[in-house]
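Next come the chains, spelled out residue by residue.
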Amino acid sequence: MCVVSVLNAVLATARAKSQIEEQLQGVAATLTESSFPLTDMVLRQMHGLSGAEFVFIDPAGQVLAASRRLELPADGNSTAADDWHQLRLGPPIEISGQQYFQMLLTVSGRGLQPSGRLHIFYPVRFW
């Protein structure tokens, strides 16, 4: 009976993680495939819909837009997905005393939208 309970817990955890990834992939698709530029207002609205925090940075690491200002972690070992289909939740990281799962997406420039990297931080407490 104990083995069945543990197995159910593991499966439920994997299912929850998969659902969160799919939700955030959908948000990333909307942000990267739309014609509107990534601005503070757009990222705040996406935060309201998803619960995630978003920070868009240029290739030099300067913040161009954010759902709210966060102290970004060192970006040295983070690999950015080139396509929203490839986004996966990374291991938890701490930002401003809170734990987040991180996703990182390369954004190609288009129209008024410069190229850069979109950080997506999903609060561990929501998982």
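The coordinates are above.
Residues numbered from 1 in each chain as written. Predicted model: local features only at pLDDT ≥ 70, side-chain atom pairs only at ≥ 80, totals over all residues. Heavy atoms only, no water.

**Things to note about the overall build of the protein**
- When helices and strands are counted, the protein shows two helices and five strands.
- Secondary structure of the protein in N-to-C order comes out as α-α-β-β-β-β-β.
- In the protein, which comprises 127 residues, the proportion classed as buried is 39%.
- Residue pairs in contact within the protein that sit at least 24 positions apart in sequence constitute 54% of those at least 6 positions apart.
- A total accessible area of about 7,300 Å² is found for the protein, and carbon and sulfur atoms account for 56% of it. (Helix = DSSP H or I, 4+ residues; strand = E, 2+ residues; numbered from the N terminus. Buried < 20%, exposed > 50% of the residue type's maximum accessible area, 1.4 Å probe, protein only. Contact = heavy atoms within 4.5 Å. Areas by Shrake-Rupley, 256 points an atom, 1.4 Å probe, with all protein chains shown as cover.)

**With respect to the pattern of salt bridges**
- The tally for this structure, following the rule as stated, stands at two salt bridges.
- Ionic pairing is found between R69 and D40, a salt bridge with its closest N-O pair at 3.6 Å. Pair noted here: R69 is in the loop between β2 (63-66) and β3 (92-95) and D40 is in helix α2 (residues 40-50), with a separation of 29 residues, a long-range link.
- For the salt bridge of R68 with E53, the shortest nitrogen-to-oxygen distance reads 3.0 Å. Here R68 is found in the loop between β2 and β3, whereas its partner E53 is found in strand β1 (residues 53-57), with 15 residues between them in sequence.
- Assessed through its relative accessible area of 6%, E53 is described here as buried. (Salt bridge = Lys/Arg side-chain N within 4 Å of Asp/Glu carboxyl O.)

**A closer look at the nonpolar core**
- Within the largest apolar cluster, 25 residues are counted, with the highest numbers of intra-cluster contacts made by L24, L31, L43, F54, L87, L118 and I120.
- With six residues, helix α1 (residues 2-33) is the largest single contributor of residues to this core.
- Ignoring sequence-local partners within four residues, the contact set of F54 consists of V27, L31, L43, M46, H47, A65, A66, S67, L118, H119 and I120.
- If you look at the next biggest cluster of nonpolar residues, it comprises seven residues, including A66, I95, Y100 and F121. (Core = buried A, V, L, I, M, F, W, Y, C linked by side-chain atoms within 4.5 Å.)

**Focus: the pairing of β1**
- In terms of residue burial, β1 counts as a mostly covered element, since five of its five residues are buried.
- Residues E53, V55 and I57 line one face of β1 and the alternating positions F54 and F56 line the opposite face, and both faces are buried.
- Direction of pairing for β1 relative to strand β5 (residues 116-123): antiparallel, over a ladder of five bridges. By the bridge assignment for β5, I57 is matched with R117.
- The pairing of β1 with β2 spans three bridges and is classified as antiparallel. (Pairing = 2+ DSSP bridges.)

**Section: the sheet that holds β3**
- Taken together, five strands build an open sheet; the order of strands is β2-β1-β5-β4-β3 and the sheet is antiparallel. For this open sheet the edge positions go to β2 and β3, each flanked by a neighbour on one side alone. On average, each strand axis in the sheet is inclined to that of its neighbour by 35 degrees, with strand direction left out of account. (Axes fitted to C-alpha atoms, helices over the stretch in contact; angles between N-to-C directions.)

These results come straight from atomic positions and should not be treated as a statement about function.
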